[in-house]
Amino acid sequence: MNLQQYLSEHQQEHLEMACRLMAQKSVSPTGEGMAECAALLRGMMEDAGLRTEVLKTPGHPILFGEMNVGAPFTVLIYGHYDVQPPEPLEAWVSPPFEPTIRNGRIYCRGAGDNKGQLMANLLAVRAFHKTGERLPVNVKFCLEGEEESSSANLAWAVEQYKEKLACDMVYTADGPQHASGRPTVLLGVRGIQYVQVDCEGADRDHHSGNKGGATPNPAWYLMQALARFWGDSPHEVAVPGFYDSVRPVTPLEQALLDRLPWDPVETARGLGLADDHFASTTAAEFYRRTLMRPTLNICGFTSGYGGPGSKTIIPARASAKLDMRLVADQDPLDIYEKFVAHLQAVTADMTEVRFTVTDLGSMAPSRTSPDRPEAQAVVRAVRRAYGEEPVVMPSLGGSLPDYVWTRILGVPSVVVPYANPDEDNHAPNENIALDCFFNGIRCATEVFVELGSIRSPKL
Ligand SMILES: [Zn+2]
């Protein structure tokens, strides 16, 4: 039977399978239902024709599946079977783990994030298996159980099972489509390095009258120090070498940025800024700054007294929390070391106080070039599946552990979100539109066909 005909005739069955998976709790932060969900999903993977294995990690296991058809190209599909806690329960219209169809959507915790989307990919493979049509690529699945717990063991596991996971590219369906509702292709993410800077003066707060003029105030010193991290403009960073490994934006990436939907007034309103805030900003400039350039941001600054009325003290300490959003090919450790070196240099003359820096965590950035044949194959597949030109984003502004594929496995990684922009993932009444679910299955089959047509994936 023809594959597309099979898909349209088996919609009800596919819907029921997705709902069965969604109905099984799998809350990774509490562990509720995780083992049951892994067993259920593993059975579904076997039914789709995959050879499966449970890969142990220090936390919840990874479900691995493989279908080797002897094709020259192997795609690894990433997804996660865990979900966020469903609270607050009273805000749900129907119970969070009872998949309910209304308004053309399936409502359930995990509907969009990520069970509906990972099932779309699995059902695409299953359709090839059930119809006996030849799958054009070898397929592997890596389905994680800790994505909603910060993917705590993913990098460890990818390192540990590197050979088993070896592939030519990684394909993920997660997250919502672009706000415009157009099909979307994501080619990267920004990384992050989080730090805390503490500045200490005396061993306790002092009376600002009795001791003022003689006791150092760490708030002043920390403000002075941080000011020296500010470059020529509010968005430029003065840390020497900070931009050294920033990968230049290619002409093709620039063309993609130019084409991203851009409404300066709507964007300003969305941010709660004055309507004319971005009046002189072009789409290319806005997206270059928010997707392709690194930042240094003060998330919080704490010192002394902030309560009602007045309290006349010289605070003993001041503290700031900062995040740096990193882009390819910046390395979090290198950036951390440069940050510390710059802090030492700019505070060398501040001998009255003591500065300390704490590394509060990091995640490397990742970017796959749109020039790569794998990325272009996916864009072609998405265009054909949806009959519409996709929004292709060279990067997300936010951070995801995409680097485990591009850095540890060393392969390109492409994300195609199948869920509707208002999937309300992590929130009450999470959902996925039925259209989005069925289009996702179709999209995955087209992706396999296009990837199978790449002649020399290793080039
Ligand atoms: Zn999530």
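Residues numbered from 1 in each chain as written. Predicted model: local features only at pLDDT ≥ 70, side-chain atom pairs only at ≥ 80, totals over all residues. Heavy atoms only, no water.

> I'd like to hear about the coordination of the zinc ion, residue by residue, with values.
D113 (OD), E148 (OE), E148 (OE) and H426 (NE2) make up the full set of protein donors to the zinc ion, lying at 1.9 to 2.6 Å. Seen from the zinc ion, its 4 donor atoms lie at angles of 53 to 138 degrees, and the figure they make is irregular. Along the chain, the residues donating to the zinc ion fall in the pattern D-x34-E-x277-H. Placement of the pair is E148 in the loop between β6 (138–144) and α5 (154–160) and H426 in the loop between β18 (413–415) and β19 (431–433), with a sequence separation of 278 residues. By relative accessible area, which is 41% here, H426 ends up partly exposed. (Donors = N, O, S within 2.8 Å, 3.2 Å for Na, K, Ca; no water. Tetrahedral: all angles 85-135°; square planar, octahedral: opposite > 155°, others 65-115°. Helix = DSSP H or I, 4+ residues; strand = E, 2+ residues; numbered from the N terminus. Buried < 20%, exposed > 50% of the residue type's maximum accessible area, 1.4 Å probe, protein only.)

> Can you explain the packing of aromatic side chains? Please cite residues and give values.
Both the distance between ring centres and the angle between the ring planes are used here to describe each pair of aromatic rings. For the coordinates displayed, the defined rule picks out 11 aromatic pairs. Plain terms: the ring middles of W262 and F278 are 5.9 Å apart, the flat faces sit at 65 degrees to each other, and that makes the pair edge-to-face. Of this pair, W262 sits in the loop between α8 (251–259) and α9 (264–271) while F278 sits in the loop between α9 and α10 (283–292), and the two are 16 residues apart along the sequence. If you follow R102 out to its NZ or CZ, it ends over the ring of Y107, 3.9 Å from the centre. (Phe/Tyr/Trp six-rings, centres within 6.5 Å; stacked < 30°, edge-to-face > 60°. Lys NZ or Arg CZ within 6 Å of the ring centre and 35° of its normal.)

> Describe the domain arrangement of the protein, naming the residues involved and giving the relevant values.
Taken as a whole, the protein is organised into domain 1 (3–189 + 365–452) and domain 2 (191–246 + 293–363). On a C-alpha basis, the centres of domain 1 and domain 2 stand 40 Å from each other. Contacts between the two partners involve 10 residues from domain 1, matched on the other side by 11 residues from domain 2. Contact with domain 2 buries surface across domain 1, with P365, R367 and S399 losing the most and accounting together for 60% of the total. Counting the contacts that link domain 1 with domain 2 gives 1 salt bridge. The shortest N-O distance in the salt bridge between R407 and D331 comes to 3.7 Å. Here domain 1 and domain 2 share 3 residue pairs in polar contact (both at pLDDT 80 or more) between them. A per-class count over the side of domain 1 that touches domain 2 returns 5 nonpolar, 3 polar and 2 charged. (Domains from an automatic or database assignment. Contact = heavy atoms within 4.5 Å. Buried area = accessible area lost by both parts, 1.4 Å probe. Salt bridge = Lys/Arg side-chain N within 4 Å of Asp/Glu carboxyl O. Polar contact = N/O pair within 3.5 Å; in protein donor to acceptor, adjacent residues only side chain to side chain. Nonpolar A, V, L, I, M, F, W, Y, C, P; charged D, E, K, R; others polar.)

> I'd like a description of the sheet that holds strand β4 (residues 100–102), backed by residues and values.
Ordered in space as β4-β5-β19, the 3 strands form an open sheet in which the pairing is antiparallel. Two strands in the sheet have a free side with no partner beyond their single neighbour: β4 and β19. Along the sheet, successive strands turn relative to each other by an average axial angle of 25 degrees, direction set aside. Alignment of strand β5 (residues 105–107) against β19, held across 3 bridges, turns out to be antiparallel. Across the sheet, the residue bridging to I106 is I432, located in β19. (Pairing = 2+ DSSP bridges. Axes fitted to C-alpha atoms, helices over the stretch in contact; angles between N-to-C directions.)

> Go over the nonpolar core, please, and point to the residues and values.
In this structure, M119, Y171, V378, F437, F448 and L451 are the most contacted members of the largest nonpolar core, which totals 72 residues. Excluding residues that lie within four positions of it along the chain, V378 makes contacts with M169, Y171, V185, V414, V416, V447 and L451. Counting residues in hydrophobic clusters, the runner-up holds 29 residues, among them V195, Y243, I335 and L343. (Core = buried A, V, L, I, M, F, W, Y, C linked by side-chain atoms within 4.5 Å.)

> An account of the environment of R109 is needed here, citing residue identities and associated values.
Turning to its location among the elements, R109 is positioned in the loop between β5 and α4 (111–131). For the pair R109 and C142, spaced 33 residues apart in sequence, the C-alpha separation works out to 21 Å. When sequence neighbours within four positions are dropped, the list of residues in contact with R109 reads M22, V83, Q84, P85, P86, W92, P96, F97, H426, A427 and E430. One polar contact links the side chain of R109 to the main-chain carbonyl oxygen of Q84, over a distance of 3.1 Å.

> Before we move on, could you go through unusual backbone geometry and cite the residues and values that matter?
With omega at 5 degrees, the peptide bond leading from E87 into P88 counts as cis. Mapped onto the elements, P88 comes out in the loop between β3 (74–80) and β4. D113 connects to N114 through a cis peptide bond whose omega is 10 degrees. With respect to the helices and strands, the residue N114 is situated in helix α4. One non-glycine residue, N103, lies in the positive phi region at around 55 degrees. Along the polypeptide, N103 turns up in the loop between β4 and β5. You can call N103 exposed: its relative accessible area is 64%. Positive phi, close to 75 degrees, is recorded for H426, a residue that is not glycine.

> Outline the packing of α4 against helix α14 (residues 434–452), listing residues and values.
It is the contact of α4 with α14, at a shortest axis distance of 8 Å, that shows an interaxial angle of 55 degrees. Here α4 is positioned oblique relative to α14, judged by the angle of their axes. Crossing angle aside, the handedness with which α4 passes α14 is right-handed. Side by side, α4 and α14 meet where G116, M119, A120, N121, L123, A124, V125 and F128 of the first sit next to F437, G440, I441, A444, T445 and F448 of the second. (Parallel < 35°, antiparallel > 145°, perpendicular 65-115°, else oblique. Left-handed = near helix turned anticlockwise from the far one by under 90°.)

> Would you mind going over the sheet that holds strand β10 (residues 191–200) in detail, with residue names and values included?
Spatially, the 4 strands line up as an open sheet ordered β12-β14-β10-β15, and their pairing is antiparallel. With one partner strand each, in any of the chains shown, β12 (295–303) and β15 (354–363) form the two edges of the open sheet. Each neighbouring strand pair of the sheet contributes to a mean axis angle of 15 degrees, computed without reference to strand direction. Looking at chain direction, β10 and β15 are connected through 8 bridges and run antiparallel. Looking across to β15, one finds that D198 is bridged to T356.

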